[in-house]
Amino acid sequence: MEIAKTVADARTKIQEARNQGWSVGLVPTMGALHAGHGSLISAAKAENDFVVVSIFVNPTQFAPTEDLDAYPRTWDADLRLAERLGADLIFAPPVPEMYPEGDCTRVEVVGPLTQILCGRSRPTHFRGVSTVVAKLFGITWPDRAYFGQKDGQQAQVIRRMTRDLFLPIDIRVMPIIRETDGLAMSSRNAYLSGDERRGALALSKALALAQKMIIGEGQRDRSALLAAIERSIREEPLARLDYAEIYTFPDLAETGPTLQGQIFIGLAVKFGGARLIDNAVIKC
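Note that the coordinates shown come from a computational prediction; the quantities given were computed from them, not determined experimentally.

## Things to note about the sheet that holds strand β8 (residues 262-271)
Piece 1. Reading across the sheet, the three strands line up as β7-β8-β9 and stay open at both edges, with antiparallel pairing between neighbours. What marks the edges here is a single partner per strand, and that holds for β7 (240-248) and β9 (274-283). Taking each pair of neighbouring strands and ignoring which way they run, the sheet shows an average axis angle of 15°.
Piece 2. Note that β7 and β8 share eight bridges and pair antiparallel. For leucine 241, the partnering residue across the bridge sits in β8 and is valine 269.
Piece 3. Of the strands in this sheet, β7 and β8 touch helix α10 (residues 222-234), which is tilted by about 155° from β7.

Set out below in structure tokens:
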């Protein structure tokens, strides 16, 4: 496994792979890798000849009041995991390499897709995500790029951007990886105290309740389902609900009062200084 810290070096190494007729898979990350990221690397390894893992804590997707400086950084452990799973190249640029002096271009998906869910409470977030992913695509020009369903809205934003810009890249969205007790794996779980970690199970419990109501009990009333989800989360005293919302899937459009087809249930809940998200896709 090799490491590139400049755009020029990354392009040289990827071109060497291309010269051998190899396909390229990209796994964009902000580091602090866990088994969820590992599943993306494994999928990329299974479907491509050459796997690039980017490790870059992207400043443009953080608002001034958010956790950029505190975001976990676990470089040595990240390298061990990526190498064990077969990554061929780590692209880990410093911030000035990705945003050099004079950089003034941003990529933005406009409209309802970026205004709902996390876009409502983090209005500049997806512009930063789209910008950095577009840059990574331009640097690595992969055949396939891998994202996790835990960040379900982000995955659909990237799909929309890729489609609108006519980029010949297959966006692969892989299932949520959970701890044994159901908590969705996230780098931000490291922020949780013991009590907050136990309380964070409120997200997966609420989603399990929704699935039981829909599949087991035939509930299709949107308002009743949302009320039950919110009630379940508020039973946890440490939880501060940011949102619980239901949209159609995969387009994330408004549903009617009676749910039908595939739906996306998205949650964001704060515990102390950590904001956790989770979701479920359920067929009604």
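The rest of the description comes next.
## A short note on the side chain of threonine 162
Piece 1. Looking at where threonine 162 falls in the secondary structure, it is placed in helix α7 (residues 152-164).
Piece 2. Judged by its relative accessible area of 3%, threonine 162 falls in the buried class.
Piece 3. There is a polar contact of 2.8 Å between the side chain of threonine 162 and the backbone oxygen of isoleucine 158.
Piece 4. Residues contacting threonine 162, with those up to four places away along its chain left out, are Phe137, Leu167, Ile169 and Ile171.

## Topic: the packing of aromatic side chains
Piece 1. Throughout the structure, instances matching the rule amount to four aromatic pairs.
Piece 2. For the pair phenylalanine 62 and tyrosine 71, a centre-to-centre distance of 6.0 Å together with 80° between the ring planes defines the contact as edge-to-face. For the residue pair phenylalanine 62 and tyrosine 71, the accessibility class agrees, reading buried in each case.
Piece 3. Here lysine 5 stacks its cationic end above the ring of tryptophan 75, 5.3 Å away from the centre of that ring.

## Topic: empty space enclosed by the protein
Piece 1. Tallying each qualifying case throughout the model produces one cavity of 30 Å³ or more.
Piece 2. Estimates place the volume of the largest cavity at around 50 Å³.
Piece 3. Lining the largest cavity are Leu183, Ala184, Ser186, Asn189, Ala200, Leu203, Leu276, Ile277 and Asp278.
Piece 4. For the lining of the largest cavity, the element with the most residues is β9, which contributes three residues.
Piece 5. Grouping the amino acids of the lining of the largest cavity by side-chain chemistry returns six nonpolar, two polar and one charged.

## Here we look at the layout of surface pockets
Piece 1. Its volume calculated, the second largest pocket comes out at about 190 Å³.
Piece 2. What lines the second largest pocket is a set of 15 residues, and nearest its centre among them are Ile55, Phe56, Val57, Arg73 and Trp75.

## A word on the nonpolar core
Generally speaking, nonpolar side chains in soluble globular proteins are found buried as a group.
Piece 1. Counting 42 residues, the largest nonpolar core has Val52, Phe91, Met98, Val133, Phe137, Ile158 and Leu252 as its most contacted members.
Piece 2. Sort the elements by how many residues they give to this core and helix α6 (residues 125-140) lands first, with eight residues.
Piece 3. Excluding anything up to four places from it in sequence, phenylalanine 137 contacts Leu26, Pro142, Ala145, Phe147, Ile158, Met161, Thr162, Leu167, Ile169 and Ile171.
Piece 4. Ala200, Leu225, Leu226 and Ile229 belong to the second-largest nonpolar core, a separate cluster that totals 28 residues.

## Concerning helix α2 (residues 35-47)
Side chains that are three or four residues apart share a direction in an α-helix, a result of its 3.6 residues per turn.
Piece 1. Given a rise of 1.5 Å per residue, 13 residues ought to cover 18 Å, and the 18 Å separating the end C-alpha atoms of α2 matches this to within 8%.
Piece 2. Turning to α2, its buried residues number three or more, namely Gly36, His37, Gly38, Leu40, Ile41, Ala43 and Ala44.
Piece 3. For α2, the elements touching its buried residues are β2 (24-29), β3 (50-55), α3 (75-84), β5 (144-148) and β6 (170-174).

About the thresholds
The written sequence of each chain sets the order in which its residues are numbered from 1. With the structure being a predicted model, the display of local features is reserved for residues of pLDDT at least 70 and the display and counting of side-chain atom pairs for 80 or more, all residues being used for whole-chain, interface and lining totals. Side-chain measures were taken over the full set of non-hydrogen atoms in the model, leaving aside hydrogen atoms and water. Following DSSP output, two strands are said to pair if at least two bridges run between them. Each helix corresponds to a stretch of at least 4 residues labelled H or I by DSSP, and each strand to a stretch of at least 2 residues labelled E; elements are numbered beginning at the N terminus. Between the N-to-C directions of two axes lies an angle of 0 to 180 degrees, each axis being a line fitted to C-alpha atoms and, for a helix, fitted only over the stretch in contact. Every residue pair with non-hydrogen atoms within 4.5 Å of one another is taken to be in contact. Classification of residues uses two cut-offs on accessible area relative to the type maximum, computed with a 1.4 Å probe and protein chains only: under 20% is buried, over 50% is exposed, and between them is partly exposed. We call two N or O atoms a polar contact when they sit within 3.5 Å, provided that within protein one can donate a hydrogen and the other can accept it, with sequence-adjacent residues counted only if both atoms are side-chain atoms. The rule is short: rings of Phe, Tyr and Trp, with Trp giving its six-membered ring, pair when the centres are within 6.5 Å, and they are stacked under 30 degrees, edge-to-face over 60, tilted in between. Two conditions define a charge sitting above a ring: the NZ of Lys or the CZ of Arg must be within 6 Å of the ring centre, and it must be within 35 degrees of the ring normal. Note on definitions: the grid is 1 Å and covers protein atoms alone; a cavity is a set of points where a 1.4 Å probe fits but cannot get out; a pocket is an open set with protein on both sides within 12 Å along at least five of seven lines; lining residues have an atom within 4 Å of a point. Grid points are joined across faces, edges and corners, and a volume is the space filled by probe spheres set on the points. Note that Gly is not counted as nonpolar here; it falls among the polar residues with everything else outside the nonpolar set of Ala, Val, Leu, Ile, Met, Phe, Trp, Tyr, Cys and Pro and the charged set of Asp, Glu, Lys and Arg. Only buried residues count toward a nonpolar core. Its members are Ala, Val, Leu, Ile, Met, Phe, Trp, Tyr and Cys residues joined through side-chain atoms within 4.5 Å. What a helix is expected to span follows from its residue count: subtract one and scale by 1.5 Å.

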